[in-house]
Amino acid sequence: MVKSLYVHIPFCRQICPYCAFASVRDNCGSHDRYVSAVCKEVISSMHLKTSNPLDSVCFGGGTPTQLESVDLGRILSTINEVCGIATDAEITIEANPGSVENYKLEALLEIGFNRLSIGVQSFDAKTLTKLGRVHTVDEAIEAFQFARECGFENINIDLMFSIPDVPEQTWQDSIRKGIDLNPDHISAYGLIIEEGTPFASLRDSGRMPEIEEDLDAYQYEWIRREVTKAGYIHYEVSNFSKPGHFCSHNSAYWSDKPYVGVGLSSHSYFYPKRWWNTSDLKSYMERIERGLNVVEGEERLSGRTALRDRFWLGLRTHRGVRLTADEELLLSNNLRFKDIQYSGRWEIENGFLMISPDFFVLADSLAVEATEIIEYDLF
């Protein structure tokens, strides 16, 4: 049964040079048409029609707060009419500083949003310019403070590290300033240069060297120590939370639960299938208006792929991945598994394989180790 819904809003004031998400530069001309299309997609979704009230709804992008609150409320109302939203549901909206004035924050709370995720990325002016961000450091701080004053009790801030040519003192000061704001949740991501982005062109021409692996690991470990020292729980590779503020929506992804995505380029998953919408805005709206399917592709997961996905996602979290009885037996009896267990990198507890947060930096490679052990006997 689907319990989580993602709504993609593609509009942005400016497209950042590192961004590979489906986004378009906003001229406000397509807002009403796009909102109507999303509402129609919600209404037509069989998974939502047959769902119990949702436990989490997340509006991402793009920059969802480029839409007026009345449009966002229209989408939420449609969702509620089709499948319902649980009274204690987590309802998240992503926002960029500069797109959330006081009146809009108050309106977001009024229509039902109870979690705000602010795309700060850095508290250093030069770094913001390098990243192509259009907000200032002061605007980022003001956005956070406005949100608190308006009544948001669950606020995340996104911060970025491993950015080329940013001095150590600069990125460390940026992280400390984020901690000093005392948000309820911090997401810290290393910059990944995605193919097809302006940053990829700079890299390929030799004008932007990528951060070396050892330096990336050093920055990650430094941030992990500083943030946990400030009282945050490192509950997922890139995410830190005050007690009681884990992100429910993302946790559904990591625990291999089904979810539906609506809007441009959104992805959905219901085992054994995952599917995704077209990433062409004009095509998306036209097809919805004509009553046509907007799914661009789908994949039926093999047993091997499903196993790998489940371990890759689950081992990113402090709770780990739930094992079947056969999986637990295979791992427990394997000498390679025992060697890694002896090193303290993982353990089995109450039917879950868990990685110590001290070794989250190795999560991907440990997921490969575990699945290779299991696949040897099961496939």
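From a predicted model like this one, the values you see are computed outputs, not experimental measurements. (Residues numbered from 1 in each chain as written. Predicted model: local features only at pLDDT ≥ 70, side-chain atom pairs only at ≥ 80, totals over all residues. Heavy atoms only, no water.)

Asks: Would you take a moment to explain the packing of helix H12 (residues 303–314) against helix H15 (residues 363–378) for this structure?
Replies: For any two helices packed against each other, the geometry comes down to the angle between their axes and how far apart the axes lie. Packing of H12 against H15 brings their axes to within 9 Å, and their N-to-C directions diverge by 145°. Once H12 is placed against H15, the crossing between them reads as right-handed. Residues Arg304, Leu307, Arg308, Phe311 and Trp312 of H12 form the contact with H15, whose own contacting residues are Asp364, Ala367, Ala370, Thr371, Ile374 and Glu375. For the contact of H12 with H15, a count of residues per class yields six nonpolar, one polar and four charged. (Axes fitted to C-alpha atoms, helices over the stretch in contact; angles between N-to-C directions. Helix = DSSP H or I, 4+ residues; strand = E, 2+ residues; numbered from the N terminus. Left-handed = near helix turned anticlockwise from the far one by under 90°. Contact = heavy atoms within 4.5 Å. Nonpolar A, V, L, I, M, F, W, Y, C, P; charged D, E, K, R; others polar.)

Asks: I would appreciate a short explanation of the side chain of histidine 245 in the present structure.
Replies: Following the sequence through the fold, histidine 245 ends up in the loop between strand S10 (239–241) and helix H10 (248–254). A distance of 3.3 Å separates the side chain of histidine 245 from the backbone oxygen of proline 243, its partner in a polar contact. Histidine 245 has contacts with Glu153, Asn154, Asp184 and His185, leaving out every residue within four places of it along the chain. (Polar contact = N/O pair within 3.5 Å; in protein donor to acceptor, adjacent residues only side chain to side chain.)

Asks: Just checking my understanding: could you explain the pairing of strand S8 (residues 185–190) for this structure?
Replies: Each regular strand shows side chains that alternate between the opposite faces of the sheet. Across six bridges, strand S7 (residues 155–161) lies against S8 in parallel orientation. Paired with isoleucine 157 across the strands is isoleucine 186, a residue of S8. Taken together, S7, helix H7 (residues 168–180) and S8 form a β-α-β motif whose crossover is right-handed. As defined by bridge partners, S8 adjoins S10 across three bridges and the pair is classed as antiparallel. (Pairing = 2+ DSSP bridges. Right-handed = clockwise from strand over helix to strand, strands pointing away.)

Asks: Where do I start with the sheet that holds strand S9 (residues 233–236) in this structure?
Replies: Sheet strands associate in pairs through backbone hydrogen bonding, adopting either a parallel or an antiparallel arrangement. Taken in spatial order, the nine strands make up an open sheet running S9-S10-S8-S7-S6-S5-S4-S1-S11, and their pairing is mixed. Strand pairing shows two members of the sheet lacking a second neighbour, S9 and strand S11 (260–263), which therefore form its edges. Averaged over all neighbouring strand pairs, the angle between strand axes comes to 20°, with direction disregarded.

Asks: So what exactly am I meant to see when it comes to unusual backbone geometry here?
Replies: Generally, phi is negative for residues other than glycine and the peptide bonds are trans, each holding for most cases. Here the bond from glycine 61 into glycine 62 is cis, since omega is 20°, no more than 30 degrees from zero. Summarising the element assignment, glycine 62 is placed in the loop between strand S4 (54–61) and helix H3 (69–82). A cis amide bond links tyrosine 271 with the next residue in sequence, proline 272, at an omega value of 10°. Mapping proline 272 onto the fold places it in the loop between strand S12 (267–270) and strand S13 (273–277). Phi is positive for serine 162, which is not a glycine, with a value near 55°. Secondary-structure assignment places serine 162 in the loop between S7 and H7. With a phi close to 50°, asparagine 350 is a non-glycine residue in the positive phi region. In this fold, asparagine 350 is placed in the loop between strand S16 (346–349) and strand S17 (352–355).

Asks: Help me understand the layout of surface pockets, please; the structure alone is not making it clear to me.
Replies: The probe, sized like a water molecule, is rolled over the atoms to show the empty space still left. The computed volume of the second largest pocket comes to approximately 490 Å³. Contributions of two or more residues to the lining of the second largest pocket are made by S4, H10, H12 and strand S15 (321–322). Per element, the largest residue contribution to the lining of the second largest pocket is four residues, and it comes from H10. (1 Å grid on protein atoms, 1.4 Å probe; cavity = no way out; pocket = protein on both sides within 12 Å on 5 of 7 lines; lining within 4 Å. Points joined across faces, edges and corners; volume = space filled by probe spheres on them.)

Asks: Looking at this structure, how should I read empty space enclosed by the protein?
Replies: Summed over all chains, the structure comprises one cavity of 30 Å³ or more. The wall of the largest cavity is formed by Ser122, Thr127, Met160, Phe161, Ser162, Ile163, Val166, Thr170, Trp171, Ser174 and Gln219. For the lining of the largest cavity, the secondary-structure elements that each account for two or more residues are S7 and H7. Its residues placed into classes, the lining of the largest cavity shows five nonpolar, six polar and no charged.

Asks: What's the story with the packing of aromatic side chains in this structure? I'm lost.
Replies: Aromatic rings considered in pairs are described by the distance between their centres and by the relative angle of their planes. As enumerated under the stated definition, the model contains twelve aromatic pairs in all. Ring geometry for tyrosine 235 against tryptophan 254: centres 5.9 Å apart, planes inclined by 65°, an arrangement best described as edge-to-face. Of this pair, tyrosine 235 sits in strand S9 while tryptophan 254 sits in helix H10, and the two are 19 residues apart along the sequence. Tryptophan 254 sits in the buried class, given a relative accessible area of 11%. Seen from their ring centres, tyrosine 253 and tyrosine 259 are 4.6 Å apart, and the 65° between their planes marks the pair as edge-to-face. Here lysine 242 stacks its cationic end above the ring of tyrosine 232, 4.9 Å away from the centre of that ring. (Phe/Tyr/Trp six-rings, centres within 6.5 Å; stacked < 30°, edge-to-face > 60°. Buried < 20%, exposed > 50% of the residue type's maximum accessible area, 1.4 Å probe, protein only. Lys NZ or Arg CZ within 6 Å of the ring centre and 35° of its normal.)

Asks: Honestly, the pattern of salt bridges in this entry has me stumped. Any pointers?
Replies: In this structure the tally under the stated criterion is 19 salt bridges. Between glutamate 298 and lysine 273 there is a salt bridge, with its nearest N and O atoms 3.7 Å apart. With glutamate 298 in strand S14 (residues 295–300) and lysine 273 in strand S13, this residue pair connects regions lying 25 residues apart in the sequence. Linked through salt bridges whose partners overlap, the residues forming this network are Glu195, Arg203, Asp204 and Glu210. (Salt bridge = Lys/Arg side-chain N within 4 Å of Asp/Glu carboxyl O.)

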